[in-house]
Amino acid sequence: MKYYLIAGEASGDLHASHLMQSLKNADPAAQFRFFGGDLMQAVGGTLVKHYRELAYMGFIPVLLHLPAILRNMTSAKRDIADWQPDVVILVDYPGFNLDIAKFVRAKTAIPVYYYIAPKIWAWKEYRIKRIKRDVAELFSILPFEVDFFEKKHHYPIHYVGNPTASEVRDALSGAHPSARPKDACNASPLNPPLGQRTLAWQERPTIALLAGSRRQEIKDNLPAMIEACEAFPQYDLVLAGAPGIDESYYAQFIKDTRVRLVMNQTYDVLREARAALVTSGTATLETALLRVPQVVCYETPLPRLIGYLRKRVLSVRWVSLVNLIANREVVAELVADSFTVANIRRELQLILDGPRRRQMLEGYDEVERRLGTKNAPDEAAAIIYRLLTKKS
C-alpha cells in the first residue's frame, strides 16, 4: 500500500513516525511519502517538505506567511494527485490539513483518514461539517471525544488509545529511545551535563521547566518561570529543550541564571524532577503520566482581554489535557490574566510538599485509568490496514 501522511509540527512528526512504524509492521510492502520531519524520515520513505516550513501558529504569523502557506498547500495537493496513494493520512494540524482533506475528497477518489482528531470540541465546532463531508475515517486519541463526535454529532470514530501514554509506558519500560540513565542525557554546552554534576548538584532536587515547543511560547513563558523559581534556591532548575529550537535561542533567557539546559531529553528531565512548570500542550499529559506534580503556565498577549474571551469563546473549562481527560481540575492552570509570577510561585509551593501534591498524584491515577492501555499507533495501523485491504 502507498501511504501519504501530512504532519505540520514536532508533535505530529513524533506521532506520525510511530504510526508509520506500526503500518510497516502490519504491511511489509508499505510505501511512504510525507510532509513531516526527521523522525518520520528515519522510519523511511520520501520527505517532500519539512514541518519547519509549515509550522506557523497565531493570527499574525499566519498572516505574514500566508503566501508560503498557500504555496505549501498547492504543493501538497499536486503531489498527492501525482503520486496517487491508497490513502491520505492527516495528523492533527487542522488549519492546513482540513483544506487538504477538502481537495482530496473533491478532486480524487483517494480516501482521507485523520489520525489525532482536530480539537473542535474546544473551539471552531462548525468544522464538524467539513470533517463529516471530507474525512472517511477519524481516529481519536482522547476518550472524551467519543461522546462528542458520536453522541453529539452522530459521526462514528475510532478511539485507539493515546500515543503519549504508549510512549511514556515504553519509556518507563526501557523500550523508548529516551529511556536512558541520567548520565546519558545530552546537556547543552552552555551548562554542565547532568551526568557531570558536582556531588552537591547531584544531591539537590530539581524543578523542571517545560516552556513550550515554539519560540513565541518560550519567549512568553520562560522568563516568568525562572523568576518564580528564584524563591526556591534549594532546588536546581533544569530546562527541557524542545526539538527544532536552537540552543542559542535559549541562551538569551538562561544566561547568568542557575538554569541548566538539556536538549531533546524531556522524559529524563521529568523523571528526575520533584515538580515542573509546564506550558500547556502535550507536555502536560507527559508530565502527568511520568507522575511529576506540575503547574500549567501559559502567558498570552492582552491577558485581561484573552481571559475574558476565553470564558466566552472556548467551549471547554480547561486548557490542559490532564484536566480535560479527568473532567475536573487536577492541575492548576495559570492562563492569560491568572499568569503572574506570584501565582506561579504560590502554586509551585503547594505541590513541592503537602496534601496538594498527594491530591494531584491521585488525580494522575484517574487520568491514566481513563486513557486505557491500548497501544495507539498499533491499534490505528491495524484498523487502517484492515479497512484498506477490505476495499481493495
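Anyway, here's the lowdown on the structure attached to this text. Throughout this description, residue numbers start from 1 for each chain and increase along the sequence as written. With pLDDT at 70 or above as the cut-off, local features in this predicted model cover only qualifying residues; side-chain atom pairs require 80 or more to be listed or tallied, and sums for whole chains, interfaces and linings still use all residues. Side-chain measures here rest on the full set of heavy atoms in the structure, leaving out hydrogens and waters.

A few points about the overall build of the protein chain
The way it works is that DSSP assigns letters per residue, a run of H or I at least four long becomes a helix, a run of E at least two long becomes a strand, and they are numbered from the N terminus. The secondary structure content of the protein chain amounts to 18 helices and 13 strands. If you take every contact in the protein chain between residues at least 6 apart in sequence, the share linking residues at least 24 apart comes to 66%. The Shrake-Rupley method, run with a 1.4 Å probe, gives the accessible areas here. Residue values count only the displayed protein chains as cover. With the model as given, the accessible surface of the protein chain reaches about 17,500 Å², and the carbon-plus-sulfur share is 53%. Every residue pair with non-hydrogen atoms within 4.5 Å of one another is taken to be in contact.

Looking at the nonpolar core
Nonpolar cores were defined as sets of buried Ala, Val, Leu, Ile, Met, Phe, Trp, Tyr and Cys residues, with membership established by side-chain atoms within 4.5 Å. Only protein chains enter the accessibility calculation, which uses a 1.4 Å probe. A residue is then buried if its area is under 20% of the maximum for its type, exposed if over 50%, and partly exposed in between. By size, the foremost hydrophobic cluster in this structure holds 129 residues, and its most contacted members are Tyr3, Leu5, Ile89, Tyr115, Phe149, Leu209 and Leu222. Residues in contact with Phe149, not counting those within four places in the same chain, are Ala117, Pro118, Ile120, Ile128, Ile131, Leu138, His154, Tyr155 and Ile157.

Here we look at helix α13 (residues 282-289)
Judged by how many residues are buried, α13 sits mostly within the fold: 7 of 8 residues are covered. Of the positions making up α13, those classed as buried are Ala283, Thr284, Leu285, Glu286, Thr287, Ala288 and Leu289. Among the residues trailing α13, Arg291 stands out with phi positive, at a value near 60 degrees.

Thoughts on the sheet that holds strand β10 (residues 259-263)
Note on pairing: two strands pair once DSSP finds at least 2 bridges between them. Reading across the sheet, the 6 strands line up as β10-β9-β8-β11-β12-β13 and stay open at both edges, with parallel pairing between neighbours. One side of each edge strand has no neighbouring strand; the edge strands of this open sheet are β10 and β13 (332-335). Along the sheet, successive strands turn relative to each other by an average axial angle of 25 degrees, direction set aside. In this analysis an axis means a line fitted to C-alpha atoms, helices contributing only their contacting stretch, and an angle means the value between N-to-C directions, from 0 to 180 degrees.

Some thoughts on the packing of helix α16 (residues 341-352) against helix α17 (residues 355-371)
Between α16 and α17, the least distance of the axes is 5 Å, while the angle of their chain directions is 80 degrees. Taken together, the axes of α16 and α17 are roughly perpendicular relative to one another. Facing Leu350, Ile351 and Leu352 of α16, the residues of α17 in contact are Arg356, Arg357 and Met360. Side-chain classes are defined by residue name, with Ala, Val, Leu, Ile, Met, Phe, Trp, Tyr, Cys and Pro counting as nonpolar, Asp, Glu, Lys and Arg as charged, and the others, Gly among them, as polar. Residue classes in the contact of α16 with α17 are distributed as 4 nonpolar, no polar and 2 charged. Here the angle decides the label: under 35 degrees means roughly parallel, over 145 means roughly antiparallel, 65 to 115 means roughly perpendicular, and every other value means oblique.

Here we look at the sheet that holds strand β1 (residues 2-7)
The sheet built from 7 strands is open, its strands ordered β3-β2-β1-β4-β5-β6-β7 with parallel pairing. In this open sheet, the two edge strands, each paired with only one partner strand, are β3 (46-50) and β7 (158-159). Across the sheet, helix α1 (residues 10-26) lies against β1, β2 (31-36), β4 (87-91) and β5 (112-115), angled at about 165 degrees from β1, the strand it touches most.

Looking at the packing of aromatic side chains
Centres within 6.5 Å are what make two rings of Phe, Tyr or Trp a pair, Trp counting through its six-membered ring; a difference in plane orientation under 30 degrees is then read as stacked, over 60 as edge-to-face, and the rest as tilted. As enumerated under the stated definition, the model contains 8 aromatic pairs in all. Measuring from centroid to centroid gives 6.1 Å for Tyr113 and Phe139, while their planes differ by 50 degrees, and the two rings are tilted. Here Tyr113 is found in strand β5, whereas its partner Phe139 is found in strand β6 (residues 137-140), with 26 residues between them in sequence. Members of the aromatic cluster, joined through ring pairs, are Phe148, Phe149 and Tyr155. The ring of Trp83 carries the charged tip of Lys2 above its face, separated from the ring centre by 4.7 Å. Two limits define a charge over a ring: the Lys NZ or Arg CZ must be within 6 Å of the ring centre, and within 35 degrees of the ring normal.

Interpretation note: all reported values are geometric properties and have no functional meaning in isolation.
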